[in-house]
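# Inside the fold
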Amino acid sequence: MHTLLIANRGEIALRIIRTARRLGLRTVAVHSDADTGAPHTRAADVAVRIGPTPPGESYLSIPALLAAAKETGADAVHPGYGFLSEQADFARAVVGAGLTWVGPPPTAMDAMARKDTAREVARKAGVPVLGSLGQVTGGWFAMRGNRTYPLLVKAAAGGGGKGMRVVRAEDELGPAIAAAAREAATAFGDDTLLLEPYVEHGRHVEVQVLADEHGNVLHLHERDCSAQRRHQKVLEEAPAPDLDPAVRDALHLWTVNLARQVGYTGVGTAEFLVDTRQGIKGAWFLEMNTRLQVEHPVTEEVVRVRGQRIDLVEQQLRVAAGDHLGFTQDDVTVVGHAIEARIYAEDAFGGFLPQAGTATRVRWPASAGSATVRVEAGLEDGTVVPAAYDPMVGKIIARGPDREAARHALVDALDDTAIGGLVTNTGFVRALADSGAFRDGDVHTAWLDTHALPAPDPGPALVAAAWSVAAAATHDGGDGWRLGGPSADAWVELDDVVLRVSTARGEVRRDGEPPTSCRAAGRLGGQVGGADLLELDGVTARFVVDVRPRSVEVSTRGHTFRFTRPGGTRATEADLSDGVVVAAMPGTVTRVEVADGETVTAGQALGVLEAMKMELALTAPSDGVVRVRAAAGEQVAARQVLFVMEVPDA
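What you see is a predicted model; the values in this text were computed from it and never measured.

### A few points about the packing of aromatic side chains
This structure, assessed with the given rule, holds nine aromatic pairs. Judged by centre distance (5.5 Å) and plane angle (85 degrees), the rings of Phe90 and Trp101 are edge-to-face. With Phe90 in helix α4 (residues 88-96) and Trp101 in strand β5 (residues 100-101), this residue pair connects regions lying 11 residues apart in the sequence. Among the residues examined, Phe90 registers a relative accessible area of 1% and is labelled buried. Ring pairing ties together the aromatic residues Tyr59, Phe83 and Tyr389, which thus form one cluster. The side chain of Arg229 reaches across the aromatic face of Tyr344, ending 5.0 Å from its centre. One Lys or Arg, Arg403, reaches over the ring of Phe438 and ends 4.5 Å from the middle of that ring.

Spelled out as structure tokens, the structure:
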């Protein structure tokens, strides 16, 4: 093995390149048109275009990937995670081309990559599974029966929360199956679904496994990934806190037995659902991920082999090269605690809708690379986040001697993170990590679906924006802001709010409200830009402020607020009437379920918008006659008008 092609993009491609380079391997990055010039293409020794933006014509194209390997002289392929990483056909094609596949054998992938066949393997290995209520496809329509609710409908293929729906009543079952099947078919090319009982307050615990080609199979302890929204992980940690030792030991044993049963080699993860109220009887196998996991860094941060850190990508490469593991289970220990926050381009306080756009300014934690904070990201100033791919843009991992120390380190790291020009969930995961529920271990797999975190207060950010504009502006308005001198009072208008700033008196005042005392309290350095420390009414907080000619972006406590000057390009919901349905994000209209001129009722389905591997139902906001402004299959921009309601006069 001398040249490694990474069949992926973004932060995971960068992660693999880093280890491969340390091991002396030449690296090849691949990219679509949307990723031309992306960070992972610049980090590799060679970058090859494999096709246009749609994944099916680039990252999911086996011929294009094999052609890139041949063109660059690559003799090994690492799939990363997502895309083709769990497709046995891709593994077979790589091996058939005479290349080394950095992953498990295709036979093991066939058996474990599907949830239905994986259950049968688990049963043979003596691993308990949650009882299945049947297998269906999108063409199956629910018939009334004696089912007990709630149920979980989920795709038999793939993962990542795609093709999953919780059903709580009989009349929800048919629509849930149809929607989950469409989503599964789009994401995995297979609309087969499973029905199973839904455990309301379960914990998601997974065990890392590592095996070589010489019969050595070890576990690298477990992770807890219970903090999820819509079945997608948000925070992950290792080891799993407050887990019954008997359950912990059983999960480790079951995972090793499962890997042996299927002839597994390389890195993989067995996922379990755990009801902590039932002890050992409340643990069931869910599925096996036959690849590297997104959350593998938390395992790397706490697992030690003979006192040394482990690099799971290095282990994958060594196993693929035919090496022995070189250590035993007795050599594996756990030191401290680690927690990872996934950073997504999404509106976490607006329904978790994925976002696309350009990151104008990116500031990762200043302590990145230290002993306590680690950043894995493919996002930097100017990076474009396309609507065509998964919206995860990075991960922040904090480690400490215990869980509380790791949690505090993560909150501090998220406070020190600022992403401008792009809506992200940074403030949301910061609020979750800082919450009493997460601190006390009360967050289960459905917790975020039933508990709302408080929306951010823009007030302090507005004050910081006005203060920064007044402090930075010059008399001649060279930066686009025409204000008085730096020591005089200034009037700053942002988002139709006028604030009077007196740097001499140290206050910011809004008409009709008492002034906020404000003073500069210092400055922090960072990887990209610095953070202003401002004291507002006696409380010191960090603000990353980016003053532009027509707008100001302020990041604080993970949230980024954008304030515009009058006459700017800001678009608000007030610009549109209540009868207009717009695209909440760039994507493709996959279904139009009404005809132009049809009379509809409020809440009736109008169509489906798909973006970033997610389906968004479009419904009528009121009764009336609908005018259709988009066609099925049409690619649309964010806020593009899709349907218009004509409400008859009373």
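Once you've had a look at it, read on.
### What about the confidence of the model for the protein?
Averaged over all residues, the pLDDT of the protein equals 88, while 90% of them reach at least 70. In this model residues 474-478 is a low-confidence stretch, pLDDT under 50, and it forms six contacts with partners more than four residues away in sequence or in other chains.

### So, the sheet that holds strand β42 (residues 641-646)
Where strands meet in a sheet, backbone hydrogen bonds hold them as pairs that are either parallel or antiparallel. The strand order β35-β42-β40-β37 describes an open sheet built from four strands, whose pairing is antiparallel. Across the chains shown, the open sheet's two edge strands, defined by having one partner strand only, are β35 (580-582) and β37 (599-600). The pairing of β35 with β42 spans three bridges and is antiparallel. In the strand pairing of β42, Val582 is matched with Val641.

### Observations regarding the side chain of Thr41
Mapped onto the fold, Thr41 is located in helix α2 (residues 39-43). Beyond its immediate sequence surroundings of up to four residues, Thr41 is in contact with Ala29, His31, Asp35 and Ala47.

### Describing the sheet that holds strand β16 (residues 308-309)
Overall, antiparallel pairing links the three strands, which are arranged β16-β15-β17 in an open sheet. The sheet terminates laterally at β16 and β17 (332-334), the two strands that pair on one side only. Pairing between strand β15 (residues 303-305) and β17: three bridges, direction antiparallel. Of the residues in β17, the one forming a bridge with Val305 is Val332.

### Concerning the packing of helix α1 (residues 10-22) against helix α10 (residues 312-320)
In helix packing, the relevant descriptors are the interaxial angle and the interaxial distance, both defined with respect to the helix axes. The interhelical angle for the contact between α1 and α10, taken along N-to-C directions, is 60 degrees, at an axis separation of 9 Å. As judged from the angle between their axes, α1 and α10 are oblique. Both α1 and α10 take part in a crossing whose hand is right-handed. Taking contact as the criterion, the partners of Arg15, Ile16, Thr19, Ala20 and Arg22 in α1 are, on α10, Leu312, Val313, Glu314 and Leu317.

### Quick look at the nonpolar core
Ranked by internal contacts, the top residues of the largest apolar core, which has 37 residues, are Leu4, Leu210, Leu220, Ile310 and Phe327. Listing elements by their share of this core, those giving two or more residues are β1 (3-6), α1, β11 (217-229), α9 (296-302), β15, α10, β18 (337-344) and β25 (392-400). What Leu4 contacts, discounting residues up to four positions off in sequence, is Ile16, Ala20, Leu25, Arg26, Thr27, Val28, Ala76, Val77, His78, Val102 and Leu317. Counting 36 residues, the second largest nonpolar core, distinct from the first, contains Ile339, Ile343, Ala348 and Val411.

### Some points on the environment of Phe272
Examined against the element boundaries, Phe272 turns out to sit in strand β13 (residues 266-274). Taking the C-alpha atoms as reference points, Phe272 and Leu286, separated by 14 residues in sequence, lie 5.1 Å from one another. If sequence neighbours within four positions are ignored, Phe272 has contacts with Val127, Arg203, His204, Val205, Val207, Leu251, Trp254, Thr255, Trp284, Phe285 and Leu286.

### Things to note about the packing of helix α6 (residues 115-124) against helix α8 (residues 245-262)
Following both chains from N to C, one finds α6 and α8 inclined at 110 degrees, their axes separated by 9 Å at the closest point. One way to sum up the angle between α6 and α8 is to call them roughly perpendicular. Mapping the contact onto sequence places Val121, Ala122 and Lys124 in α6 and Leu258, Gln261 and Val262 in α8. Tallied by class, residues from the contact of α6 with α8 come to four nonpolar, one polar and one charged.

### Here's the deal with the pattern of salt bridges
Here the idea is simple: oppositely charged side chains can pair when their charged atoms come close. What the rule picks out here adds up to 50 salt bridges. Put simply, Arg430 and Asp415 hold a salt bridge, and the shortest N to O gap is 2.7 Å. Residue Arg430 is located in helix α12 (residues 426-433), and its partner Asp415 is located in helix α11 (residues 403-415); the two are separated by 15 residues in the primary sequence.

Rules used in this analysis
- Residues numbered from 1 in each chain as written.
- Predicted model: local features only at pLDDT ≥ 70, side-chain atom pairs only at ≥ 80, totals over all residues.
- Heavy atoms only, no water.
- Phe/Tyr/Trp six-rings, centres within 6.5 Å; stacked < 30°, edge-to-face > 60°.
- Helix = DSSP H or I, 4+ residues; strand = E, 2+ residues; numbered from the N terminus.
- Buried < 20%, exposed > 50% of the residue type's maximum accessible area, 1.4 Å probe, protein only.
- Lys NZ or Arg CZ within 6 Å of the ring centre and 35° of its normal.
- pLDDT = per-residue confidence, 0-100.
- Contact = heavy atoms within 4.5 Å.
- Pairing = 2+ DSSP bridges.
- Axes fitted to C-alpha atoms, helices over the stretch in contact; angles between N-to-C directions.
- Parallel < 35°, antiparallel > 145°, perpendicular 65-115°, else oblique.
- Left-handed = near helix turned anticlockwise from the far one by under 90°.
- Core = buried A, V, L, I, M, F, W, Y, C linked by side-chain atoms within 4.5 Å.
- Nonpolar A, V, L, I, M, F, W, Y, C, P; charged D, E, K, R; others polar.
- Salt bridge = Lys/Arg side-chain N within 4 Å of Asp/Glu carboxyl O.

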